[in-house]
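Structural description and commentary
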Amino acid sequence: MEYVYALIMLMALYVILATSFDFVIGYGGLISIAHPVFYAIGAYTSALLALDFGLPIPLAIPAGAVVALLASVAVALPSLRISGDYLLIASIGFQLGLLEAIKNMAWTGGSGGLTNIPGVSAQSGGHGPYVVVTVLLAIGTVLLLRWITGSSYGRAISALRDDDMAFSALGRNGMMMKVGIFALGSGLAGLAGGLYAHYFRFLAPGQFGIMQSAALLTMVVVGGMRSIWGPVLGAVVLEALPQAITFLNLPPSLLGPLQGILFTGLVLVFMFARPQGLIGGGDVWRGRAVREVRDVARP
Amino acid sequence: MSPGLEVRMLCKRFGGIVVADSINLQIPAGRVVGLIGPNGAGKTSFFNLVSGIVRPDAGSVTLGGVDLTGLKTHQRARRGLSRTWQNLRLFSSLTVLDNLLVAPRLYLGESLTALLFGAGRVRRAERADRERATAILERTGLADIAHMSVGSVTFGQQKLIGVARALMNDPCCLLLDEPMAGVEGQAYQTIQRVVRDLAESGIAVCVVEHNVAFIRDLCDEGVFMFAGRVLARGSVAELIADPRLTELYFGT
Ligand SMILES: Nc1ncnc2c1ncn2[C@@H]1O[C@H](COP(=O)(O)OP(=O)(O)O)[C@@H](O)[C@H]1O
Ligand SMILES: [Mg+2]
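Residues numbered from 1 in each chain as written. Chains lettered and ligands numbered in written order. Predicted model: local features only at pLDDT ≥ 70, side-chain atom pairs only at ≥ 80, totals over all residues. Heavy atoms only, no water.

Before going further, it helps to spend a moment on the overall build of chain B. If you tally the helices and strands in chain B, you get ten helices and ten strands. In terms of principal-axis extent, the alpha carbons of chain B reach across some 60 × 40 × 35 Å. Expressed as a percentage of the 252 residues in chain B, the buried residues total 54%. In chain B, of all internal contacts separated by at least 6 residues, the share reaching a separation of at least 24 is 70%. With an accessible surface of roughly 10,500 Å², chain B has 52% of that area assigned to carbon and sulfur atoms. With 28 positive and 24 negative side-chain charges, chain B shows a separation of 8 Å between the mean positions of the two kinds. (Helix = DSSP H or I, 4+ residues; strand = E, 2+ residues; numbered from the N terminus. Buried < 20%, exposed > 50% of the residue type's maximum accessible area, 1.4 Å probe, protein only. Contact = heavy atoms within 4.5 Å. Areas by Shrake-Rupley, 256 points an atom, 1.4 Å probe, with all protein chains shown as cover. Lys, Arg positive; Asp, Glu negative; His and termini not counted. Charge placed at Lys NZ, Arg CZ, Asp CG, Glu CD.)

Okay, structure coming up:
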């Protein structure tokens, strides 16, 4: 049972991470692969607030999300002001720099990792509700992003991505929007981080590096950029299948590499079978409002 | 006559190239001014400077008496300055209607907080905008293709969409960059009529165009630009008749 819970947790967390990353890179067109660093900020903030300051977990997790959001604004504002391309470099620099700092500080557990994070204990039967809440938050994230991308804000995001110069010449504050998109996506990653920290109760900087970036990017691309359900499917399939073979009770020396091969193999199969992603996003934005009007207009 | 757009001592150079050399230009409200000059004269650069896309080295821009000089592009647009683009710059992943719907001067939908905490207000504004957009599409003859993707319509229609999108912006001053290039027939007539109507409703219009017939029929006056400088201003007929300008225009 514990194992199934852990698997569901991971799938739910990756749904939050992949859909929020798609919101930033797919919908927003903001080229950054540093999404895991905001996942890390949410996780470490929430863990340390609970561990060192005794903050209750239900408060620590949202606090972690808020800190991740604020950190993302601090990265995005100056770099977007210089140029859109600069965000990629600045955010990777931030990711590597912060992880290096975490590695070298005793307070954060260093490279050995942070242990004894307060969590819900399995004995008291607390895991079940925690998993349910996490799954509900994942569903909530998907519905929120679906609502936003289909709203008038979603229309503006599409226009901004297509041509930010024409966009601003119409009176739109493209810069504010880019920061907003980046902040919301990063804040959601921070939320996932807090949820992770108090369930698995162990954090190490290695979990949030470039490999994690690559995994998230893969989920988004394989699932289908700029679609809501694509990254959901990508997260579930690419997280679930490699994990599921743990059931086979293989020796660890075999299991690790086999999981890696399975992940890569799945990616290759999907890429060849459906280059546009499992669920390709439409080329033309169709908001809900537009659909309504068209239906009314039809005889 | 109300002040319209006023540009004073506008200067800009890119390295060795002077694209704006102390340009003084006034476009009164309700007038259509044609900006004429050979390729590379600095006409598009002038629009970029006025709309805030490019920062000038010196000079000022005011619209209706309001100083725009220090403002960013989107702030200038919110004060009534609109433009179209020589290379269209339509939003390719949006339908024709949606290209207009992101273009009102105030668009509540661009604010995430307005959306999250005032969804009702956003929806009401959206409904009003849609009515206005539909009216503009009717007026520009684009109503039939409202729900098509902008990539799938003819070039002439795309040019019209660029103008319609600028109209949605409800400008006090409109800068049109080569609206007629590659346009013929129906779209040609429509653009001509729309620009005329705009001027009559009190908007200051500046048109860059190589189509002499269009300029002559439409513009109240012309401005001749060469190498970043305004060389002459007068009736279009006068400018065309000036052999010195004709020589500059066609090169030697
Ligand atoms: N961003 C820029 N950087 C360098 N040179 C530029 C830039 N924009 C325009 N120019 C140069 O300025 C001159 C005027 O260009 P432009 O304003 O596009 O002319 P026009 O619209 O009258 O044909 C050209 O020589 C062009 O190469
Ligand atoms: Mg030009």
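Attention shifts here to the overall build of chain A. For chain A, the helix and strand inventory stands at twelve helices and zero strands. Of the regular secondary structure in chain A, the N- to C-terminal order runs α-α-α-α-α-α-α-α-α-α-α-α. Radius of gyration (C-alpha) of chain A: 20 Å, near the 19 Å computed for a compact globule of 299 residues. For the C-alpha atoms alone, the extent of chain A along its principal axes is close to 60 × 40 × 35 Å. (Rg over C-alpha atoms; globule rule 2.2 N^0.38 Å.)

Right, let's talk about the coordination of the magnesium ion (ligand 2) for a bit. All names here are of chain B. At 2.0 to 2.2 Å from the magnesium ion (ligand 2) lie its protein donor atoms, namely Thr 44 (OG1) and Gln 86 (OE1). Residue Thr 44 is located in helix α1 (residues 43–51), and its partner Gln 86 is located in the loop between β6 (81–83) and α3 (96–101); the two are separated by 42 residues in the primary sequence. Note on Gln 86: relative accessible area 37%, which makes it partly exposed. (Donors = N, O, S within 2.8 Å, 3.2 Å for Na, K, Ca; no water.)

Our next topic: the site of ligand 1. All names here are of chain B. Every residue close to ligand 1 is listed here: Phe 14, Val 19, Pro 38, Asn 39, Gly 40, Ala 41, Gly 42, Lys 43, Thr 44 and Ser 45. Between ligand 1 and Lys 43, the relevant distance is 2.8 Å, taken from an oxygen atom to a main-chain nitrogen or oxygen of the residue. One of the side-chain N or O atoms of Ser 45 is found 2.6 Å from an oxygen atom in ligand 1. Bound to the protein, ligand 1 loses 61% of the 560 Å² it would expose on its own. (Near = heavy atom within 4 Å. Polar contact = N/O pair within 3.5 Å; in protein donor to acceptor, adjacent residues only side chain to side chain.)

Further remarks concern the sheet that holds strand β5 (residues 66–67) of chain B. Residue and element names in this part refer to chain B. The strand order across the open sheet built from four strands is β2-β1-β4-β5, with neighbouring strands paired in antiparallel fashion. Both edges of this open sheet fall to β2 (17–27) and β5, since each of them pairs with a single strand only. Summarising the sheet, strand β4 (residues 58–63) and β5 pair through two bridges and their orientation is antiparallel. Along β5, the bridge assignment pairs Thr 62 with Asp 67. The strands touched by α1 are β1 (5–14), β2 and β4; relative to β1, the strand with the most contacts, the crossing angle is about 115°. (Pairing = 2+ DSSP bridges. Axes fitted to C-alpha atoms, helices over the stretch in contact; angles between N-to-C directions.)

With that settled, the discussion passes to the interface of chain B and chain A. Each side of the interface is counted separately: chain B has 36 residues, and chain A has 33 residues. Note on chain B versus chain A: buried area summed over both sides is about 3,000 Å², and carbon and sulfur give 63% of it. Put simply, chain B and chain A have four salt bridges between them. Residue Arg172(A) is joined to Glu110(B) by a salt bridge in which the shortest nitrogen-to-oxygen separation is 2.8 Å. On inspection of chain B and its partner chain A, the count reaches 18 residue pairs in polar contact (both at pLDDT 80 or more). Every element with two or more residues in the side of chain B that touches chain A is listed here: α2 (73–78), β6, α3, α4 (112–117) and α5 (119–139) of chain B. Taken together, the residues that form the side of chain B that touches chain A break down as 17 nonpolar, ten polar and nine charged. (Buried area = accessible area lost by both parts, 1.4 Å probe. Salt bridge = Lys/Arg side-chain N within 4 Å of Asp/Glu carboxyl O. Nonpolar A, V, L, I, M, F, W, Y, C, P; charged D, E, K, R; others polar.)

Given 3.6 residues to a turn, an α-helix orients residues that are three or four positions apart in the same direction. All names here are of chain A. The terminal C-alpha atoms of helix α10 (residues 229–244), which comprises 16 residues, lie 22 Å apart, in line with the 22 Å expected from a rise of 1.5 Å per residue. For α10, the set of buried residues is Gly 230, Pro 231, Val 232, Gly 234, Ala 235, Val 237, Leu 238, Glu 239, Ala 240 and Pro 242. Residues of α10 that are buried make contact with α1 (2–27), α5 (127–149), α9 (210–223) and α11 (252–273). (Expected span 1.5 Å × (residues − 1).)

Attention shifts here to α11(A). Residue and element names in this part refer to chain A. For α11, with 22 residues, the first-to-last C-alpha span of 31 Å sits near the 32 Å given by 1.5 Å per residue. For α11, the full list of buried residues reads Leu 255, Gln 259, Leu 266, Val 267 and Phe 270. Projected down its long axis, α11 carries its buried residues within an arc of 105°, all on one side. Counted as exposed and oriented over 90 degrees from the buried face of α11: Ser 253, Ile 261, Val 269 and Phe 272. (Arc of directions from axis to C-beta.)

This paragraph deals with the packing of helix α2 (residues 35–53) of chain A against helix α3 (residues 57–82) of chain A. How two helices pack is summed up by the angle between their axes together with the distance between the axes. Residues and elements named next belong to chain A. For the pair α2 and α3, the least separation of the axes is 8 Å and the interaxial angle reads 140°. Classified by the angle between their axes, α2 and α3 sit oblique to one another. In the packing of α2 onto α3, the handedness of the crossing is right-handed. Where α2 abuts α3, its residues Phe 38, Ile 41, Gly 42, Thr 45, Ser 46, Leu 49 and Ala 50 lie against Ala 60, Ile 61, Ala 63, Gly 64, Val 67, Ala 68, Ala 71 and Ser 72. Taken together, the residues of the contact of α2 with α3 break down into ten nonpolar, five polar and no charged. (Parallel < 35°, antiparallel > 145°, perpendicular 65-115°, else oblique. Left-handed = near helix turned anticlockwise from the far one by under 90°.)

Take the environment of Phe208(A) next. Residue and element names in this part refer to chain A. Relative to the assigned elements, Phe 208 resides in the loop between α8 (174–200) and α9. Under the relative-accessibility criterion, Phe 208 is labelled buried at 0%. Taking the C-alpha atoms as reference points, Phe 208 and Leu 99, separated by 109 residues in sequence, lie 7.7 Å from one another. With near-sequence residues (within four places) excluded, Phe 208 lies in contact with Pro 36, Val 37, Tyr 39, Ala 40, Ala 43, Tyr 44, Gln 95, Leu 99 and Leu 203.

Let's shift gears to the pattern of salt bridges. Considering all chains together, one arrives at 13 salt bridges over all chains under this definition. One salt bridge in this structure joins Asp57(B) and Lys12(B), with 3.7 Å as the shortest N-O distance. Placement of the pair is Asp57(B) in the loop between α1 and β4 and Lys12(B) in strand β1, with a sequence separation of 45 residues. Judged by relative accessible area, Lys12(B) falls into the buried class, the value being 14%. One network of salt bridges, in which partners are shared, links Arg155(A), Asp98(B), Glu126(B) and Arg130(B).

It is worth spelling out a nonpolar patch on the surface at this point. Residues and elements named next belong to chain A. Together, Met 1, Val 4, Ile 8 and Phe 247 give the surface a local cluster of nonpolar side chains, amounting to about 390 Å² of exposed area. Residue position: Val 4 is located in helix α1. Note on Val 4: relative accessible area 34%, which makes it partly exposed. (Patch = residues over 30% accessible without salt bridge, like charges linked within 9 Å, V, L, I, M, F, W, Y side chains within 5 Å.)

To continue, consider the sheet that holds strand β3 (residues 32–36) of chain B. Residue and element names in this part refer to chain B. In spatial order, the strands read β6-β7-β8-β3-β9-β10; together these six strands make up an open sheet with mixed pairing. A single partner strand is all that each edge strand has here, and the edge strands are β6 and β10 (229–234). Direction aside, the axes of adjacent strands within the sheet are offset by 20° on average. In terms of strand pairing, β3 meets strand β8 (residues 204–208) through four bridges, oriented parallel. Each bridged residue has a counterpart across the sheet, and for Gly 34 the counterpart in β8 is Val 207. Of the strands in this sheet, β3, β7 (173–177) and β8 are in contact with helix α7 (residues 185–200), which crosses β3 at around 125°.

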